[in-house]
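# Notes for the structure review
The chain contents come next:
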Amino acid sequence: QVRFVESGGGLVQPGGSLRLSCSASGNISSIGDMDMGWYRQSPGKQREFLARIARSSWSDATYYDRSVKGRFAISRDNAKNTVYLQINSLKPEDTAVYYCNRVDRPYSWGQGTQVIVSS
């Protein structure tokens, strides 16, 4: 079964940055064959879409939600079977659990990685 493991979260001050990682494992040929996305969820709220990166056959095209465009950057390293999310200029409202998954046909959701933005 394909699964994703998120990492890289932590406690950061407002204005700080983090680099989140999403590693794929299981019955998968290559993460480069998937449209991958990053999402986040705060307590009591629905999961929110953040960013998408297309499969490499479509030149790794990216798309961002308006709320994070210009601050967040999604990328991938197919050799490492990993997708990244660089999150910059962080605000307290960015506090959430961050998840990754295939966009078009999602697999089961992982545990995510916690990001807390606080002074």
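In what follows, the structure referred to is the one given above.
One structure accompanies this document, and this report is about it. Positions within a chain are numbered from 1, following the residues in the order the chain's sequence is written. Two thresholds apply to this predicted model, a pLDDT of at least 70 for residue-level local features and 80 or more for giving and counting side-chain atom pairs, whereas whole-chain, interface and lining totals are computed over all residues. With hydrogens and water excluded, all non-hydrogen atoms of the structure serve as input to the side-chain values.

In any sheet, the strands associate via hydrogen bonds between backbone groups, in a parallel or an antiparallel arrangement. Any two strands between which DSSP finds at least two bridges are classified as paired. The numbering of helices and of strands both runs from the N terminus, where a helix is a DSSP run of H or I of at least 4 residues and a strand a run of E of at least 2. One open sheet accounts for six strands, arranged S2-S10-S9-S4-S5-S6; its pairing is mixed. Each edge of the sheet is formed by a strand with only one pairing partner; in this case those strands are strand S2 (10-12) and strand S6 (62-64). Strand-to-strand, the axes of this sheet are offset by a mean angle of 25°, without reference to chain direction. Sheet topology places S2 next to strand S10 (residues 113-117); three bridges connect them, and they run parallel. Pairing of Gly10 across the sheet is with Val115, part of S10. Convention adopted: a line fitted to C-alpha atoms gives each axis, helices being fitted over their contacting stretch, and angles between N-to-C directions are expressed from 0 to 180 degrees.

What follows deals with unusual backbone geometry. Here the phi dihedral of Asp60 falls at roughly 55°; this positive angle occurs in a residue that is not glycine. Here Asp60 shows up in the loop between strand S5 (48-53) and S6.

This next bit is on the state of the cysteines. By convention in this document, the label disulfide applies to cysteine sulfur atom pairs within 2.5 Å. The full count for this structure, using the stated rule, is one disulfide. What pairs with Cys22 in a disulfide is Cys100, and their sulfur atoms sit 1.8 Å apart. Across the S-S bond of Cys22 and Cys100 the torsion is about 70°, and the bridge reads as right-handed. Taken together, the residues Cys22 in strand S3 (residues 18-25) and Cys100 in strand S9 (residues 96-102) connect sequence positions 78 residues apart. We note that Cys22, like Cys100, is buried. Burial here depends on accessible area, computed with a 1.4 Å probe over protein chains only, as a share of the maximum for the residue type. Under 20% is buried, over 50% is exposed, and the range in between is partly exposed.

What follows is about the pairing of strand S4 (residues 36-41). Among the six residues that make up S4, five are buried, leaving the element largely enclosed by the rest of the structure. Between the antiparallel neighbours S4 and S5 lie six residues, among them Gly44 with a positive phi of about 80°. Inspection of the sheet shows S4 paired to S9 by six bridges, in the antiparallel sense. Bridge pairing in S9 places Gln41 opposite Val97.

All right, on to the sheet that holds strand S7 (residues 72-77) then. Sheet architecture is open: four strands sit in the order S1-S3-S8-S7, paired in antiparallel fashion. Of all the strands in the sheet, just strand S1 (3-7) and S7 have a single pairing partner and so form its edges. Each strand axis lies, on average, 20° off the axis of its neighbour in the sheet, ignoring direction. Sheet analysis places S7 next to strand S8 (residues 82-87), joined by six bridges and oriented antiparallel. Bridge pairing links Asp77 to Thr82 in S8.

So, on to the nonpolar core. Residues belong to a common nonpolar core when they are buried Ala, Val, Leu, Ile, Met, Phe, Trp, Tyr or Cys residues joined through side-chain atoms within 4.5 Å. Trp38, Leu85 and Tyr98 are the most contacted members of the largest nonpolar core, which totals 28 residues. For this core, the secondary-structure elements that each account for two or more residues are S3, S4, S5, S7, S8, S9 and S10.

Next up on the list: the packing of aromatic side chains. In summary, the pairing rule links any two rings of Phe, Tyr or Trp, Trp by its six-membered ring, whose centres are within 6.5 Å, and it sorts them by plane angle into stacked for under 30 degrees, edge-to-face for over 60 and tilted for everything else. Throughout the structure, instances matching the rule amount to five aromatic pairs. Ring centres of Phe4 and Tyr107 lie 6.1 Å apart, and the angle between their planes is 65°; this geometry places the pair in the edge-to-face category. Of the two residues, Phe4 is situated in strand S1 and Tyr107 in the loop between S9 and S10; the sequence distance between them amounts to 103 residues. You can call Phe4 buried: its relative accessible area is 4%. With 5.1 Å between their ring centres and 85° between their planes, Tyr39 and Trp109 make a pair best called edge-to-face. Linking Tyr39 in strand S4 with Trp109 in the loop between S9 and S10, this pair joins segments that are 70 residues apart in sequence. Assessed through its relative accessible area of 31%, Trp109 is described here as partly exposed. Among the aromatic residues, those joined into a ring-pair cluster are Tyr39, Phe49, Tyr63, Tyr99 and Trp109.

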